[in-house]
Amino acid sequence: MASNNDKKTYWPHMILGFLAIGVTLGFWTVKHAIGMPVHESNEYMMKYQTADIDANQIREGQIRFDKRYNVKLEGMKLSDFKPEHLKRKPGPIVALSANNEIRYRVTDKAGNPVEDANVTLLLTRPFTEKDDQKFALKHEQGGYYTAQNVRIKKPGRYILRVRVQKGDATGFQDTAGYLKP
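Residues numbered from 1 in each chain as written. Predicted model: local features only at pLDDT ≥ 70, side-chain atom pairs only at ≥ 80, totals over all residues. Heavy atoms only, no water.

A.B. asks: How should I be thinking about the sheet that holds strand E6 (residues 138-140) in this particular structure?
C.D. replies: The strand order across the open sheet built from 4 strands is E1-E3-E7-E6, with neighbouring strands paired in antiparallel fashion. The outermost strands of the open sheet, each flanked by one partner alone, are strand E1 (69-74) and E6. Along the sheet, successive strands turn relative to each other by an average axial angle of 30 degrees, direction set aside. In this structure, strand E3 (residues 99-108) lies alongside strand E7 (residues 144-151), joined through 6 bridges in antiparallel fashion. (Pairing = 2+ DSSP bridges. Helix = DSSP H or I, 4+ residues; strand = E, 2+ residues; numbered from the N terminus. Axes fitted to C-alpha atoms, helices over the stretch in contact; angles between N-to-C directions.)

A.B. asks: Explain the sheet that holds strand E8 (residues 156-166) here, please?
C.D. replies: Neighbouring strands of a sheet are bound in pairs by backbone hydrogen bonds; such pairs are parallel or else antiparallel. With respect to topology, 5 strands assemble into an open sheet ordered E2-E9-E8-E4-E5, the strand pairing being mixed. Because the sheet does not close on itself, it has two edges, and the strands there are strand E2 (93-96) and strand E5 (128-136). Each adjacent strand pair in this sheet contributes to an overall mean axis angle of 30 degrees, direction not counted. One ladder, built from 7 bridges, connects strand E4 (residues 118-125) with E8; its direction is antiparallel.

A.B. asks: Where do I start with the side chain of threonine 124 in this structure?
C.D. replies: Structurally, threonine 124 can be placed in strand E4. Given a relative accessible area of 2%, threonine 124 falls into the buried group. Side chain to side chain, threonine 124 and aspartate 132 meet in a polar contact 2.6 Å long. If we ignore the near neighbours within four places in the chain, the residues touching threonine 124 are Asn42, Asp132, Tyr158, Ile159 and Arg161. (Buried < 20%, exposed > 50% of the residue type's maximum accessible area, 1.4 Å probe, protein only. Polar contact = N/O pair within 3.5 Å; in protein donor to acceptor, adjacent residues only side chain to side chain. Contact = heavy atoms within 4.5 Å.)

Written as structure tokens, this is what we have:
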């Protein structure tokens, strides 16, 4: 008759096996995470940490701006590009070319031109900051602010992100753009 001491137990081997699988999966996760690019958000033309800290001031400035002023992108045609697989419906998409003149008009709510605003444009692509271009728009008469010779090399989707500062009011507006291949 066999005694209980002669039975083999496999639970120590299972524990070592699970430990080895855990270490292997941990190594694999770290290795692949290091290889993936990380792109910071440029939602408000600033680092996301600064935007997070100043979120209330940004929102209050946007509310003040929306009560006082209007911003309109002018002189660009709409694109016939229809994006697929987007979770939300995009707004109007403007057609971009290899060399663009981007023109905004800033007016107050009564329709009078705003002549002394600080207008900045960021041309960016979704999910990457490699191709970002930032422009300080030049003021023209009638509340127009223009960036000339905006060159785009790669076809695809773009975002025209404009920031308008006037006194204690700061407004942001995004417009989708598309450059055909």
